[in-house]
Protein chains: 2
Amino acid sequence: MTRQQATIVFDVNETLSDLSPVAASFEHLGASRELATTWFATVLRDGFALTTSGGDASFPDIASNNARDLLSTWVLPRDLDESVDTVMTAFTHAPPHPDVADGLQALHAAGHRLFTLSNGPTTTAERLLDEAGARGTMEELLTVDGHSPWKPARSAYTDARGRIGGSDPFYLAAVHPWDVHGAANAGLSTIWINRSGRDYPAHFSPPTLTVSGVDEIATHL
Amino acid sequence: MTRQQATIVFDVNETLSDLSPVAASFEHLGASRELATTWFATVLRDGFALTTSGGDASFPDIASNNARDLLSTWVLPRDLDESVDTVMTAFTHAPPHPDVADGLQALHAAGHRLFTLSNGPTTTAERLLDEAGARGTMEELLTVDGHSPWKPARSAYTDARGRIGGSDPFYLAAVHPWDVHGAANAGLSTIWINRSGRDYPAHFSPPTLTVSGVDEIATHL
């Protein structure tokens, strides 16, 4: 029996990377570690706002501006510029989740085609995959930048699919329900990586497949 | 000398309402009061995601789902359903900021046409304006619901302008830079209400006018 080769496009930030060092960086600066969650939500909020209103959205610019905005309301021991740099460095150097390296290797060994698709620059994915020793599992690292609006706009997925040229089954894999929803609405199959065991929000289209880590995907395909 | 009559469309949540009771409600439930900021950012993030991907976004549904999601990660003394209700009640009953009643009365007395335009239901604006004793200053309370995608999509502003039929000068007034940006990109003049003295984010189109409260607007028109 021959299994069908799948194409899987992975989201990057928080899907492959563990952002807990970003929380630690806020705490280390003397702010609340919960600011990390707020900060990441505001970055997506503003990026999506620019996408929906037709503006240009640069992930690193928004990330840096919003870290500055949140940190400016705290009295910090360090200079504000230096504090923003600390958070941004923690973000761009976030390590892979423990399930990523084995999971990608298993999928690659089984002959599936693997890609990344991020709203941010491909350099983040590249560094992360190098650290996981899994750069070679990926056929190409993609970003929406210069090609389409941010995910979850429909064209972000259809444009990536056009560039990749993959046949069915064609999956988007992400931890973020908004990303699963966008991909589903663009006609893709979807994999929701639910590491924390939370409920899927009722306001978004449900995933095709739910797993608790990247290392659980291969057995389901 | 006759001054020109302006049309001003006010955003509602956080622009007219003081959301600090929402932070207090999270704290009262045994969670972090900073969850209020995270929660509101995730509600907008998900609503904008649905707007950009062509889905239906109901503000109360998203608000309630996301309060549940955030609270589910805390060990709380009360039942989860009851806790979500507590947050939602604090949100829908948030009081007006102290500058709102006087500010709206002064604008109304000067002959300007005043409206609200929210991504949420008009009932929130109605209750808030009743509490401020300023319901009579508003010509009409508008929502995007049933008419257009959420702000900051261009058509949210152009549709409202079409329904109002206002001539220039035509302003959107809001505390949120993403709302100012969307209105500016839709051809409106804009008023940024900056109560906290923070910097305007460089990734959004700047406002026509910046004030520190609603009671400062009339002197600038």
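The structure presented is a predicted model; accordingly, all values stated were derived computationally and were not measured.

Draft legend 1. Representation of unusual backbone geometry within the structure. Here the residue pair B:Lys151 and B:Pro152 is connected by a cis peptide bond, since its omega of 10 degrees sits within 30 degrees of zero. Structurally, the position occupied by B:Pro152 is in the loop between strand 3 (140-143) and helix 7 (154-164). Here the residue pair B:Asp168 and B:Pro169 is connected by a cis peptide bond, since its omega of -5 degrees sits within 30 degrees of zero. By secondary structure assignment, the location of B:Pro169 is in the loop between helix 7 and strand 4 (170-174). Unlike most non-glycine residues, A:Glu14 shows phi in positive territory, near 80 degrees. Mapped onto the elements, A:Glu14 comes out in the loop between strand 1 (7-10) and helix 1 (20-28).

Draft legend 2. Looking closely at the sheet that holds strand 6 (residues 209-211) of chain A. Residue and element names in this part refer to chain A. In spatial order, the strands read 3-2-1-4-5-6; together these six strands make up an open sheet with parallel pairing. The open sheet is flanked by strand 3 (140-143) and strand 6, the only strands paired with a single partner. Recorded for the sheet is a direction-independent mean angle of 25 degrees between the axes of neighbouring strands. In terms of strand pairing, strand 2 (residues 113-118) meets strand 3 through four bridges, oriented parallel. Its bridge partner lying in strand 3, Thr116 is registered against Leu141. Together, strand 2 and strand 3 form the strand contacts of helix 6 (residues 122-132), whose direction differs from that of strand 3 by roughly 145 degrees. Against the sheet, helix 8 (residues 177-185) engages strand 4 (170-174) and strand 5 (189-193), with an angle of about 175 degrees to strand 5.

Draft legend 3. Structural view of the relation of the copies chain A and chain B. Placing chain A over chain B gives an RMSD of 0.0 Å and needs a rotation angle of 180 degrees, together with 0.0 Å of translation along the axis. In symmetry terms, the pair is related by a two-fold rotation axis.

Draft legend 4. View of the interface of chain A and chain B. At the junction of the two partners, chain A supplies 35 residues and chain B supplies 35 residues. Across the chain A/chain B interface, buried area totals approximately 2800 Å², and carbon plus sulfur atoms make up 61% of it. The interface formed by chain A and chain B holds two salt bridges in total. A salt bridge links B:Arg198 to A:Asp69; the nearest nitrogen and oxygen atoms lie 2.9 Å apart. Across the contact surface, chain A and chain B share eleven residue pairs in polar contact (both at pLDDT 80 or more). Looking at the side of chain A that touches chain B, the elements that each hand over two or more residues are helix 2 (35-53), helix 3 (59-71) and helix 8 of chain A. Tallied by class, residues from the side of chain A that touches chain B come to 13 nonpolar, 15 polar and seven charged.

Draft legend 5. How the structure looks around the nonpolar core. Core analysis: the biggest nonpolar cluster contains 100 residues, and A:Val22, A:Trp39, B:Val22 and B:Trp39 have the highest contact counts within it. If near-sequence neighbours (up to four positions away) are discounted, A:Trp39 is found in contact with A:Val22, A:Phe26, A:Ala63, A:Asn66, A:Ala67, A:Leu70, A:Met88 and A:Phe91. Counting residues in each nonpolar core, the second largest holds 27 residues, with B:Leu104, B:Ala173, B:Val175 and B:Ile191 among its members.

Draft legend 6. The arrangement of the sheet that holds strand 3 of chain B in detail. All names here are of chain B. Taken together, the six strands give an open sheet; going across it, the order is 3-2-1-4-5-6, and neighbouring strands pair in parallel fashion. Looking at which strands have only one partner, the edges of the open sheet turn out to be strand 3 and strand 6 (209-211). Between one strand axis and the next, the sheet turns through 25 degrees on average, direction left out of account. The pairing of strand 4 with strand 5 (residues 189-193) spans four bridges and is classified as parallel. Note on strand 5: the bridge partner recorded for Leu172 is Thr190.

Draft legend 7. Main features of the pattern of salt bridges. Residue and element names in this part refer to chain A. This model, assessed by the stated rule, comprises 24 salt bridges over all chains. Measuring nitrogen to oxygen at the nearest pair gives 2.6 Å for the salt bridge that ties Glu139 to Arg113. Pair noted here: Glu139 is in the loop between helix 6 and strand 3 and Arg113 is in strand 2, with a separation of 26 residues, a long-range link. With a relative accessible area of 46%, Glu139 lands in the partly exposed category. Salt-bridge contacts for Glu131 lead to Arg127; the nearest nitrogen and oxygen are separated by 2.8 Å. Within this pair, Glu131 and its partner Arg127 are both found in helix 6, separated by four residues, close to a single helical turn. Overlapping salt bridges bring together Asp11, Lys151 and Asp179 as one network.

Thresholds, definitions, all that
- Residues numbered from 1 in each chain as written.
- Chains lettered and ligands numbered in written order.
- Predicted model: local features only at pLDDT ≥ 70, side-chain atom pairs only at ≥ 80, totals over all residues.
- Heavy atoms only, no water.
- Helix = DSSP H or I, 4+ residues; strand = E, 2+ residues; numbered from the N terminus.
- Pairing = 2+ DSSP bridges.
- Axes fitted to C-alpha atoms, helices over the stretch in contact; angles between N-to-C directions.
- Contact = heavy atoms within 4.5 Å.
- Least-squares fit on C-alpha atoms with pLDDT ≥ 70 in both.
- Buried area = accessible area lost by both parts, 1.4 Å probe.
- Salt bridge = Lys/Arg side-chain N within 4 Å of Asp/Glu carboxyl O.
- Polar contact = N/O pair within 3.5 Å; in protein donor to acceptor, adjacent residues only side chain to side chain.
- Nonpolar A, V, L, I, M, F, W, Y, C, P; charged D, E, K, R; others polar.
- Core = buried A, V, L, I, M, F, W, Y, C linked by side-chain atoms within 4.5 Å.
- Buried < 20%, exposed > 50% of the residue type's maximum accessible area, 1.4 Å probe, protein only.

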